[in-house]
Amino acid sequence: MATEELVTEQFQFLGIEVPKEVLSKCVSLCAEYDVDAETFIEQWMAFSLTALNGAGPTLENINLLEKREFSKRSATRNTNDTTGTSLTVYGAPASIQPENEVLSNYMSDTPKRVKTEHTEQSSNQIELRPATYSPSVDHSGKYSSRTNQGSVVYSYGDEKLLATLANATSASDITDLNISQVRNDDGELYTKAMFGFELLHEKASTFDNHIRYISQCIMKKNGITESSSVRHKTQTEVYVAGRIECDADARLNSKSVVLQGTWDESLSLVVPVDLDNVAQYSLFPGQVVVLKGVNPRGDKFIARRVVTDAARPAPAPNADLMNTLKGTISMVISAGPYTTSTNMAYEPLKDLISYVSAHKPQLLLMTGPLLDCDHAKVKDHSMAETYKAFFDKLLDNIGEIATASPFTKIYIVSSQKDAFHVNIYPTPAYSSRKRHPNIHFVPDPCTLNVDGVLVGITSTDVLMHISQEEISLGMGGDKLARLAGHILAQQCYYPLWPAAAPVDAALWAAHAQLPATPHILVLPSNLRYFVKEVNGCVVVNPEHLTKGAGGGTFARVLVEPTNDAINVAAQIVRI
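Computed from a predicted model, the values in this text were never measured in an experiment.

What follows concerns the sheet that holds strand E11 (residues 329-335). Pairing within the open sheet is mixed, and its 7 strands lie in the order E3-E24-E23-E11-E12-E13-E14. Taken across any chain shown, the strands that pair with only one partner, and hence form the sheet edges, are strand E3 (152-156) and strand E14 (439-442). Direction aside, the axes of adjacent strands within the sheet are offset by 20° on average. Here strand E12 (residues 363-367) runs beside strand E13 (residues 409-413); their pairing, made up of 5 bridges, is parallel. Looking at E13, one finds that Leu364 is bridged to Ile410.

The structure is reproduced here in structure tokens:
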């Protein structure tokens, strides 16, 4: 509340002496129009400079201020209460109705009244769908009418473990898991860097270091002792190391393959590669390889063998005696989106929460997006609350798992496709002002150490991205396993370059590399779900929790320790 002392103090701060009768008038205006002293003085200074050429406060000038500014504002507010088109907010709880009145101060010359309509709900139930400016259908007919929910569509592992996997975790099986995120080689979890400010020479140096390191790993693993420049003229067979690139504006093909060498050996020069004499290969842009062949004239390398495998063996689960798995680990893995494409009711997420609450796994791994930026309801701007506010609402619902299953730890992997998050890869972890003791945020990608068991996770569809660019000959076998094998062979969560995702090179070099070959690798993809062992690593693609207007799948996994290894059983289940 404004007083003569406060008004006087504000004027004196500006070096203005004001008569007592003017002070009394100012205080009465503050009380009449419900403004504080500081706001009133700011309004006066703006009016004086624009309308009075900086004249001082007199009774005449204060009356003019009231007539032109405060009276006009009061008339506008009264008009808002009786005229204008009604703007209805659907699905907003009663508690936020006073906040909606603020919107009228930011609307056009023909203000609209904001009216909220909300459904009755119990006091302990948290509404999931967002508030919108248009009425929405609460349920997806295709999703609600499905008849195959809960059915197992794929199984992997020992029959005995699979039988145990379908049951809820008993109290005797519950152990306090020691979960930590594995740091990179510099001991960092995520660099707080300004992404998007890359210098070209720094970017080139980053990739050159990567080519040199991975090529050395390939040579060491395959017993290759030395390599030559990619432009070295020779008629005898030599090894050359570099990165696969495409010398065309179209998709990579066998006639457009070029190899970029390192700065130390080749001054980063490139050479076209002839693959006609290679019996089998699987290549994609950005892949680091070692080629064996000849280069008679120095302008084309005629390859006869392609070596790409730099994968390392997975570490022993009991290597760290202070962090060793004592019992079994039960986990559920899901990948967004978490609502169907036709509405924002988040029915699949509710069903997932119900499943976890009933089966009580020790670990729930969720990958984004939680609020997909490509969703039709996000693109049409019909939401009447901020994306971040709705994200907090989703967290409140997910956090309710602690009520039914207090021992379940929830780890949420970020996604660059979330509307409320940054669009960069690697993607920093989510943040929220709300705190839920059972929810933890981790970046995309990341590697978790769960009692000595390494679990690698990414929310980006790297399998689909590589499959769209890969060329192969004579490989045969399982294509999905081959695609997943590229991740392990290149020691990188996203080895493709140019990238189909918005990649920052510095962050990519620091946080998209595999610190070690994980025991379990989670690669959500639009490709068909699978669980396969690749190079000693169990690769899980749970697919997505929703597929268009219908339901999708999630994975449940059970890990059991043995003498010097682990047994993994997994199932893909329809939501």
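Attention shifts here to the pattern of salt bridges. Tallied over the entire structure, the rule returns 19 salt bridges. Note that Arg212 is salt-bridged to Asp264, the shortest N-O span being 3.8 Å. With Arg212 in helix H8 (residues 200-221) and Asp264 in helix H9 (residues 263-266), this pair connects stretches of sequence that are 52 residues apart. Using a relative accessible area of 26% as the deciding quantity, one classes Arg212 as partly exposed. On the accessibility criterion, Asp264 (57% relative accessible area) is exposed. Between Lys417 and Asp374 there is a salt bridge, with its nearest N and O atoms 3.7 Å apart.

What the rule picks out here adds up to 11 aromatic pairs. Between Phe391 and Phe420 the ring centres are 4.2 Å apart and the planes differ by 25°, which places this aromatic pair in the stacked class. With Phe391 in helix H12 (residues 387-399) and Phe420 in the loop between E13 and E14, this residue pair connects regions lying 29 residues apart in the sequence. Of the residues examined, Phe391 reaches a relative accessible area of 0% and is grouped as buried.

Moving on: the sheet that holds strand E6 (residues 257-260). One closed barrel holds the 5 strands; their spatial order is E5-E6-E7-E10-E9, and the pairing between them is mixed. Looking at each pair of strands side by side, their axes are set apart by 55° on average, direction ignored. Alignment of strand E7 (residues 270-274) against strand E10 (residues 301-307), held across 2 bridges, turns out to be parallel. Directly across from Asp274, in E10, lies its bridge partner Ile302. Along the sheet face, H8 touches strand E5 (234-246), E6, strand E9 (288-295) and E10 and points at about 75° away from the line of E9.

Here we take up the pairing of E9. The buried count for E9 comes to 7 of 8 residues, which makes it a mostly enclosed element. In the sheet, E5 pairs with E9 via 7 bridges, with the strands oriented antiparallel. Directly across from Gly242, in E9, lies its bridge partner Val289. Looking at chain direction, E9 and E10 are connected through 5 bridges and run antiparallel. By the bridge assignment, Val290 is partnered in E10 with Val307.

Overall, the predicted model of the protein reaches an average pLDDT of 86, with 88% of residues at or above 70. Confidence drops under pLDDT 50 across residues 95-113; counting only partners more than four residues distant or on other chains, this segment forms 24 contacts.

A separate point is the packing of helix H1 (residues 4-13) against helix H3 (residues 37-51). Between two packed helices, the angle of one axis relative to the other and the distance separating the axes together describe the packing. At a minimum axis separation of 9 Å, H1 and H3 run at an interaxial angle of 45°. By the criterion of interaxial angle, the relationship of H1 to H3 is oblique. Seen along the crossing, H1 lies across H3 with a hand that is right-handed. Contacts between H1 and H3 involve Leu6, Val7, Gln10 and Phe11 on the former and, on the latter, Ala37, Glu38, Ile41 and Trp44. For the contact of H1 with H3, the class distribution of residues is 6 nonpolar, 1 polar and 1 charged.

Definitions and cut-offs
Residues numbered from 1 in each chain as written. Predicted model: local features only at pLDDT ≥ 70, side-chain atom pairs only at ≥ 80, totals over all residues. Heavy atoms only, no water. Pairing = 2+ DSSP bridges. Helix = DSSP H or I, 4+ residues; strand = E, 2+ residues; numbered from the N terminus. Axes fitted to C-alpha atoms, helices over the stretch in contact; angles between N-to-C directions. Salt bridge = Lys/Arg side-chain N within 4 Å of Asp/Glu carboxyl O. Buried < 20%, exposed > 50% of the residue type's maximum accessible area, 1.4 Å probe, protein only. Phe/Tyr/Trp six-rings, centres within 6.5 Å; stacked < 30°, edge-to-face > 60°. Contact = heavy atoms within 4.5 Å. pLDDT = per-residue confidence, 0-100. Parallel < 35°, antiparallel > 145°, perpendicular 65-115°, else oblique. Left-handed = near helix turned anticlockwise from the far one by under 90°. Nonpolar A, V, L, I, M, F, W, Y, C, P; charged D, E, K, R; others polar.

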